[in-house]
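The lines below spell out each chain.
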Amino acid sequence: MPNRKSNPKTNRRRLNRAFDDVRLGSSVSAAAKKHHIGVRRLGTFIRANATVDTKRGRRLLIVEDRRRERSAIDLPKTDPLQIAFDRVRQGDAYTAVAKDLGINPGRLRRYLFDNADLVRERGRIRIVDDLRPATFSIFSNARRKRVTVLGEQKRLAGRYMAAVRKFRTKNDYADIEPFIGMRVRDIKRDLHPFETRPNVLRELFVANDVSDDAIYAPGAFL
């Protein structure tokens, strides 16, 4: 075998691509062989960057890709990467979209893997779940905050604000009780406790609009 000069960027790229193959269903050994990486080294990299499950037989299954938290960027809706993402979500091939929009295919592929749950069907990557970061308002420590969150944290914050709106409409504290003591973690890993005191929430309602347009930035959702 010819000697390969060690290049940290190249090695990291190989590890990430092998990681992505395992996310799409390849075994660790097959991905390691394909990308010329040691099996043990790839396994260590995966465990350091993902929540894994080994209960389903002997094959390692990636449950959560924690690399997203380190690379998440909340891009404007007009950014070419966002436009390309939406087109791939609608069913277009990412290579064709990259060519059409003048984006490096590798860069788009990385963005897709960082911001979506993906499957490979008939040789084409398909988006199953949109995990892009979103920026919107929550109530925390007696004030309104704008936070940027992603993945499960985005869903948690969305559920909290939905409960806040229901509490304002129905004045039923049972909607808020499940969030007592809970916090949301933003993409900088800062924690924001949910405001759940009923009187404080009522004061915040007076000073803040809690309509969809006021709470949710482009790309956010419930």
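Residues numbered from 1 in each chain as written. Predicted model: local features only at pLDDT ≥ 70, side-chain atom pairs only at ≥ 80, totals over all residues. Heavy atoms only, no water.

Visitor: Would you take a moment to explain the overall build of the chain for this structure?
Guide: Of the regular secondary structure elements, the chain holds 10 helices and 8 strands. Split into buried and exposed, the 222 residues of the chain put 46% on the buried side. Within the chain, counting contacts between residues at least 6 apart in sequence, those at least 24 apart form 51% of the total. Only carbon and sulfur atoms are counted for the fraction: they give 49% of the accessible area of the chain, which is about 12,900 Å². (Helix = DSSP H or I, 4+ residues; strand = E, 2+ residues; numbered from the N terminus. Buried < 20%, exposed > 50% of the residue type's maximum accessible area, 1.4 Å probe, protein only. Contact = heavy atoms within 4.5 Å. Areas by Shrake-Rupley, 256 points an atom, 1.4 Å probe, with all protein chains shown as cover.)

Visitor: What am I meant to see in the packing of aromatic side chains here?
Guide: The geometry of an aromatic ring pair comes down to the distance between the two centres and the angle between the two planes. Scanning all chains against the criterion turns up 8 aromatic pairs. Relative to Phe194, the ring of Tyr160 lies with its centre 4.2 Å away and its plane at 15°, an arrangement referred to as stacked. In this pair, Tyr160 is assigned in helix α8 (residues 151-170) and Phe194 in the loop between β8 (191-193) and α9 (198-207), connecting sequence segments 34 residues apart. Like Phe194, Tyr160 is buried. With 5.9 Å between their ring centres and 85° between their planes, Phe179 and Phe194 make a pair best called edge-to-face. Residue Phe179 is located in the loop between α8 and β7 (183-185), and its partner Phe194 is located in the loop between β8 and α9; the two are separated by 15 residues in the primary sequence. Under the relative-accessibility criterion, Phe194 is labelled buried at 6%. Among the aromatic residues, those joined into a ring-pair cluster are Phe139, Phe167, Tyr173 and Phe205. (Phe/Tyr/Trp six-rings, centres within 6.5 Å; stacked < 30°, edge-to-face > 60°.)

Visitor: Which parts of the structure should I look at to understand the packing of helix α5 (residues 80-89) against helix α6 (residues 94-101)?
Guide: To characterise two packed helices, one gives the angle between the axes of the helices and the distance between these axes. Where α5 contacts α6, the axes come no closer than 10 Å and their chain directions differ by 145°. In this structure, α5 crosses over α6, and the sense of that crossing is right-handed. Side by side, α5 and α6 meet where Pro80, Ile83, Ala84, Arg87 and Val88 of the first sit next to Tyr94, Val97, Asp100 and Leu101 of the second. Along the lines of polarity and charge, the residues of the contact of α5 with α6 split into 7 nonpolar, no polar and 2 charged. (Axes fitted to C-alpha atoms, helices over the stretch in contact; angles between N-to-C directions. Left-handed = near helix turned anticlockwise from the far one by under 90°. Nonpolar A, V, L, I, M, F, W, Y, C, P; charged D, E, K, R; others polar.)

Visitor: Got a minute to help me understand the pattern of salt bridges in this structure?
Guide: It is possible for side chains of opposite charge to pair when their charged atoms get near one another. Under the definition given, this model contains 16 salt bridges. Where Asp86 meets Arg89, a salt bridge forms, and the shortest distance between an N and an O atom there is 3.2 Å. With Asp86 and Arg89 both in helix α5, this residue pair falls 3 residues apart, about one helical turn. Accessibility expressed as a relative area gives 43% for Arg89, which makes it partly exposed. For Lys170, the salt bridge identified is with Asp175, shortest N-O distance 3.9 Å. Among the charged side chains, a salt-bridge network with shared partners connects Asp20, Arg109, Arg110 and Asp114. (Salt bridge = Lys/Arg side-chain N within 4 Å of Asp/Glu carboxyl O.)

Visitor: Is there a simple way to explain the pairing of strand β4 (residues 124-130) in this structure?
Guide: Along any regular strand, the residues point their side chains to alternate faces of the sheet. As paired elements, strand β3 (residues 116-121) and β4 share 6 bridges and run antiparallel to each other. The partner of Ala116 across the bridge, within β4, is Asp130. As consecutive antiparallel partners, β3 and β4 are separated by 2 residues, and within that stretch Arg122 has a phi angle of approximately 55°, a positive value. (Pairing = 2+ DSSP bridges.)

Visitor: In this structure, what is going on with the nonpolar core? I would like to understand it.
Guide: Considering soluble globular proteins, one finds that nonpolar side chains tend to be buried as a cluster. Among the nonpolar cores identified, the biggest contains 21 residues, and Ile138, Phe139, Tyr160, Val164, Phe194 and Leu201 are the most heavily contacted of them. Listing elements by their share of this core, those giving two or more residues are β5 (134-140), β6 (143-149), α8 and α9. Dropping the residues within four chain positions of it, Ile138 is found in contact with Arg143, Arg144, Lys145, Val147, Ala157, Tyr160, Met161, Val184, His192 and Phe194. Listed in part, the 18 residues of the second largest apolar core include Leu24, Ala98, Leu112 and Ile127. (Core = buried A, V, L, I, M, F, W, Y, C linked by side-chain atoms within 4.5 Å.)

By themselves, these are just geometric observations and shouldn't be taken as functional.
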